[in-house]
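Notes for the structure review
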Amino acid sequence: MASSRFAPLQRLVISVAVLASFVTFLDGTVVTVALPAISRELGGGITTQQWVVDAYLITLSALILLAGSLSDAYGRVLVMRVGLIAFGVASIAVAAAPDPLVLIIARAAQGAAGALLVPSSLALITATMRSDVQSRAIGVWTAFTTAAQLVGPLLGGLFVDFLSWRFVFLINVLPIGVTLLLLARLKLNEKPSGVRVDWVSGILCAVGLGAVVFALIEQPNLGWGSPAIWLPGVIGAVLFALFLVRQQRSAAPLMPLSLFRVRDFAWGNLATLFVYAALSLNGFVIGVYLQQGAGLSATAAGLASLPMTILMILVSSRAGSWAGRFGPRIFMTVGPLVMAVGAVMLLLVAEDFDYWWQVLPAMIVMGLGLSLTVAPLTSAILGAIDESRSGIASAVNNAVSRVAGLLVVAMLTTIIGGTLDLGGFHNAAWVTAALLVLGGVVSWIGIRRNPAEEPAPAEGPAPAADPAQG
């Protein structure tokens, strides 16, 4: 899996990091093409479809910050092992769900377990490798984990068409088992650091995000005038504001705001917000519309994104190396703009549907832009932060990307104008393109030309927040 350019320990670290992240990224996207089948069997229409996606993203987004602190406090290997086992159990529960409520609860449990995996896996790379080696390793990690996001719809489609949507969620069992075996071979000198974990902040973040997302998803059904909508929305916003205030004052914050004083970290996360919102919106509407609107099978809908997968595997690792040599700014600018062109090309989709002329060219262009973007983006953000804080830095960046997807899916009904018909699909394409343009512009404005220009990261608000000073 890892290149021969890496030492044996580095190859093992990369393999573990890739596989551990693979299951969470795969599960976040494999569900997309299964949504029509789930709603046909369990009912609930587009609202159930939104909740199946967002229940996973709510807990993943909110708890990934807490997981980053746990990773730094108790060691990446231990946190990863717990996360893998919990994710496997939750996946089985999802597959066995008898109704929408149980399914949504089990998906939330999956997200909570997934939160333990992503920051600890990427932190293994950033804590054991630096400089050009780290950039290449992140490129490999990015290629495989992003490929998981893109190949997910294809695998999901095959299971839906030939077995059942329930088998979609059992895909994780094999990679989880392999990762646990590799993890047993990974010997790192990790000891509990004694860092205090802020559980109250974790609750404020999770409940705050959950309440806001509830209001956004249910608003089209009940209207903003209903107390069942505006009250959770207000409460959620207040709780999330309290979370931010607590981060400013806490001696051991889940999201150290001092990290955002590092220029590339701050601007890179803003670019992440726009780019990943666009990717989440595009992935959702492609997976659902090609089945419900264009009449394709689940497998054919999953195959639609295959060109993006191939380009990611071929180009992403090389783009990571280029970013290490030339700096990430140009790639983080050009990549999203190229993807925006691909999103606009989806306006060619018409009632007289033809995948080869209306969708394939857009997927190729978007895949090229995505390949140029993701590894440099990750490298710029995490390379700007000292390795002693790599766990929390990785967690913050992943939380931003998941919150982006969470919010854009919650707002889906508003974006598409109520129904995911051809007009709604075109509306989503315009919004996707606009978000990507914003991502490119933000990167050009904020990211420094050369990583060496980045100032030293600001220290945490207190020594307890930094394991290296404990």
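Preceding this section is the structure that the text describes.
Residues numbered from 1 in each chain as written. Predicted model: local features only at pLDDT ≥ 70, side-chain atom pairs only at ≥ 80, totals over all residues. Heavy atoms only, no water.

Counted under the stated rule, the structure contains 6 aromatic pairs. Each ring, one from W51 and one from F214, has its centre 6.2 Å from the other, and the planes form 40 degrees; the classification is tilted. On the criterion of sequence distance, the pair formed by W51 in helix 3 (residues 45-74) and F214 in helix 8 (residues 199-222) is long-range, its members being 163 residues apart. Taking the relative accessible area as the measure of exposure, F214 reaches 29% and is therefore partly exposed. Relative to F265, the ring of F260 has its centre 5.2 Å away and its plane inclined at 65 degrees; by these criteria the two rings are edge-to-face. Judged by its relative accessible area of 29%, F260 falls in the partly exposed class. By relative accessible area, F265 is classed as buried at 0%. One residue, R329, lies across the ring of W444, its end atom 3.7 Å from the ring centre. (Phe/Tyr/Trp six-rings, centres within 6.5 Å; stacked < 30°, edge-to-face > 60°. Helix = DSSP H or I, 4+ residues; strand = E, 2+ residues; numbered from the N terminus. Buried < 20%, exposed > 50% of the residue type's maximum accessible area, 1.4 Å probe, protein only. Lys NZ or Arg CZ within 6 Å of the ring centre and 35° of its normal.)

Here the focus is helix 7 (residues 173-185). For helix 7, built from 13 residues, the straight-helix expectation of 18 Å at 1.5 Å per residue is met to within 8% by its first-to-last C-alpha distance of 19 Å. Listing the buried residues of helix 7 in full gives P175, I176, T179, L182 and L183. The arc that holds the buried residues of helix 7, viewed along the axis, is 130 degrees, so those residues lie on one side. The outward face of helix 7, more than 90 degrees from its buried face, is lined by the exposed residues L174, L181 and R185. (Expected span 1.5 Å × (residues − 1). Arc of directions from axis to C-beta.)

Bringing the side chain of T413 into the picture now. Tracing the sequence through the fold places T413 in helix 17 (residues 412-416). With near-sequence residues (within four places) excluded, T413 lies in contact with Q50, P220 and G418. (Contact = heavy atoms within 4.5 Å.)

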